[in-house]
Amino acid sequence: TQNYYNASNGVSGANGEDKVNAAVNSSANANTLASAAMTNFFNAATQANTDATAATGSTDATVIATAAASLAAAKTAFSAFTAALSTAKTAGDTAALAGTNAVAVSTDSALATASTAATAAGTAIDTLAADTTVTLSTLTAAATATDYLTSATNAQTAFTTAATGINDLVAAAKTAASNAAAANGSTAAANGTAASRAVTVDNAKTVQRIALVTVKDPTALSKVGGSLYQANANSGVSSAAFSLTANSANGTSEAIQSNSLEQSNVDMASEFVKMITTQRAYSANSKTITTADQMTQEVLGLIR
């Protein structure tokens, strides 16, 4: 047998379509949360600036306290926004990487389309997060309400300017990834189940499955030890030719038995030989000890 796992990213687990689909959705969600955090920050900064203006020159303790509370709320909203930006940037990087890796060794056209879209969307979100972070870099612990409002305004402008283009890219990426997943029967298919994946020349490298084959001459298999055998040219299928293109999709075996217990595959002859060898070695060592003891007794007898 040979395991055809997710060769599109070099690791076992979810296939390329599912990884791209999940990464794009995570990136889109992170960007949405960052946008909402940006709005909260802008509103808090606006309120802080308004309250600070009202408190300027005022001796009313309530007005002054309100201004201080508003400034504290703006700082909290700023912290939440920067955290959301960091998450969005990381998610954007992940989506772009998933898009790039997914087609590294695949010619699946549906996955290629999703990959291109995911890379573009992820890069755009990453860039927006990075650019927005720059607009906030002037804020310090001693920043005033006016400083917070200026930074919030700049951040809002950056998001507003890029929003349409990024939303279009994200929508396209999500559609492409979802279509690729559904087309290849992955776990992200519309029915939410692991549908049977149709194997084609295009998607062969991204399909997770186990290829089985029944050789023409089992007696010609090469014994490699441990009850394992390897196919070769004499057995009917050479090791080098063991591939999707050289063999039928699932060989000639009917099925893999799941939830079944395999009978013991211990090599009884080999184990008996090991047991006898160990037993003989123990017996020989016992005789050595006995002989040494007898020789010691003889020496003691001679001394007496």
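Residues numbered from 1 in each chain as written. Predicted model: local features only at pLDDT ≥ 70, side-chain atom pairs only at ≥ 80, totals over all residues. Heavy atoms only, no water.

**Digging into the nonpolar core**
(1) Moving on: If you look at the biggest cluster of nonpolar residues, it comprises 42 residues, and the most contacted ones within it are Phe41, Phe81, Leu136, Tyr148 and Phe159.
(2) Moving on: In terms of residues, this core owes the most to one element, helix H1 (residues 16-55), which gives twelve residues.
(3) Moving on: Filtering out sequence-adjacent residues up to four positions away, Leu136 remains in contact with Phe41, Phe78, Phe81, Thr82, Leu85, Ser151 and Ala155. (Core = buried A, V, L, I, M, F, W, Y, C linked by side-chain atoms within 4.5 Å. Buried < 20%, exposed > 50% of the residue type's maximum accessible area, 1.4 Å probe, protein only. Helix = DSSP H or I, 4+ residues; strand = E, 2+ residues; numbered from the N terminus. Contact = heavy atoms within 4.5 Å.)

**Points about the pattern of salt bridges**
(1) Moving on: In this structure the tally under the stated criterion is three salt bridges.
(2) Moving on: Across the salt bridge formed by Lys89 and Asp126, the nearest N and O atoms sit 3.1 Å from each other. Taken together, the residues Lys89 in helix H2 (residues 61-102) and Asp126 in helix H3 (residues 109-135) connect sequence positions 37 residues apart.
(3) Moving on: Judged by relative accessible area, which is 17%, Asp126 ranks as buried.
(4) Moving on: Each of Lys89, Asp93 and Asp126 takes part in one network of salt bridges that share partners. (Salt bridge = Lys/Arg side-chain N within 4 Å of Asp/Glu carboxyl O.)

**Describing the packing of aromatic side chains**
(1) Moving on: Applying the stated criterion across every chain yields a total of five aromatic pairs.
(2) Moving on: When the centroid spacing of 5.9 Å and the interplanar angle of 80° are considered together, the rings of Phe78 and Tyr148 count as edge-to-face. Here Phe78, found in helix H2, pairs with Tyr148, found in helix H4 (residues 145-183); they are 70 residues apart in sequence, far enough to count as distant.
(3) Moving on: Tyr148 sits in the buried class, given a relative accessible area of 4%.
(4) Moving on: Through a chain of ring-to-ring contacts, the aromatic side chains of Phe41, Phe78, Phe81, Tyr148 and Phe159 assemble into a single cluster. (Phe/Tyr/Trp six-rings, centres within 6.5 Å; stacked < 30°, edge-to-face > 60°.)

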